[in-house]
Amino acid sequence: MPAISFVTPEQHAEALLRIERLENLLGAYVSSQEEWLPTDAALKTSGIKTRETLVKYARASRPGTPEAGRITYRKEGVKCLYLRSSCIDYAQRKIGQPALAA
């Protein structure tokens, strides 16, 4: 005999919120796969508060070197640019979610 289960309005709202977060995350990856960000935008995207934290703990050991759990960057003269998808990956890992980039 089939069972009927009901979804409460709270459960429905929570599910819609989770779907919206996922859509935003996927949209960030799709729309900007190779977008390079300046330092201030990289800080905002990755959820890091200070430039010192970004340089000491979050970014890769060398420019152009992708490392798991680290933010990929490149140098243009004295300016550093950060790969947007790696900033998003870092933010996801920081909150305990899996990173989506391959």
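Residues numbered from 1 in each chain as written. Predicted model: local features only at pLDDT ≥ 70, side-chain atom pairs only at ≥ 80, totals over all residues. Heavy atoms only, no water.

Caption draft 1: Here's a closer look at the overall build of the protein. A count of helices and strands for the protein gives 4 helices and 3 strands. Element order for the protein, N to C, with α for helix and β for strand: α-β-α-α-β-β-α. The 102 residues of the protein split such that 28% are buried. For the protein, contacts bridging at least 24 residues in sequence account for 48% of all contacts bridging at least 6. Split by element, the accessible area of the protein, about 7500 Å² in all, is 56% carbon and sulfur. (Helix = DSSP H or I, 4+ residues; strand = E, 2+ residues; numbered from the N terminus. Buried < 20%, exposed > 50% of the residue type's maximum accessible area, 1.4 Å probe, protein only. Contact = heavy atoms within 4.5 Å. Areas by Shrake-Rupley, 256 points an atom, 1.4 Å probe, with all protein chains shown as cover.)

Caption draft 2: Up close: the pattern of salt bridges. Taken as a whole, this structure holds 2 salt bridges when the rule is applied. Between R84 and E35 there is a salt bridge, and its shortest N-O distance comes to 3.3 Å. One end of the pair, R84, is in helix α4 (residues 84–94); the other, E35, is in the loop between α1 (9–31) and β1 (36–37), with 49 residues separating them in the sequence. Relative accessible area serves as the criterion here: at 24%, R84 is assigned to the partly exposed category. (Salt bridge = Lys/Arg side-chain N within 4 Å of Asp/Glu carboxyl O.)

Caption draft 3: Layout of the sheet that holds β1. The antiparallel open sheet is built from 3 strands, whose spatial order is β1-β3-β2. Among the strands making up the open sheet, the edge pair consists of β1 and β2 (73–76). Inspection of the sheet shows β1 paired to strand β3 (residues 79–83) by 2 bridges, in the antiparallel sense. Residue pairing in the sheet places L37 in a bridge with Y82 of β3. (Pairing = 2+ DSSP bridges.)

Caption draft 4: Just the packing of helix α2 (residues 39–46) against α4, in detail. At a minimum axis distance of 8 Å, the contact between α2 and α4 shows a crossing angle of 35 degrees. Crossing hand, α2 versus α4: right-handed. Across the interface between the two elements, A42, T45 and S46 from α2 touch R84, C87, I88, Y90, A91 and K94 from α4. The class makeup of the residues in the contact of α2 with α4 is 5 nonpolar, 2 polar and 2 charged. (Axes fitted to C-alpha atoms, helices over the stretch in contact; angles between N-to-C directions. Left-handed = near helix turned anticlockwise from the far one by under 90°. Nonpolar A, V, L, I, M, F, W, Y, C, P; charged D, E, K, R; others polar.)

Caption draft 5: Fine view of the packing of aromatic side chains. In the structure shown here, the tally under the stated rule is 1 aromatic pair. Each ring, one from Y73 and one from Y82, has its centre 6.1 Å from the other, and the planes form 35 degrees; the classification is tilted. In this arrangement the basic side chain of R59 is found over the ring face of Y73, its NZ or CZ atom lying 4.2 Å from the centre. (Phe/Tyr/Trp six-rings, centres within 6.5 Å; stacked < 30°, edge-to-face > 60°. Lys NZ or Arg CZ within 6 Å of the ring centre and 35° of its normal.)

Caption draft 6: Summary view of the nonpolar core. In terms of nonpolar packing, the biggest core is built from 13 residues, with I48, L54, A58, I71 and Y82 touching the most fellow members. Looking at this core, the elements with two or more residues in it are α2, α3 (51–58), β3 and α4. Those residues in contact with I48 that lie beyond four places of it in its chain are L43, T53, L54, A58, I71, Y90 and K94. (Core = buried A, V, L, I, M, F, W, Y, C linked by side-chain atoms within 4.5 Å.)

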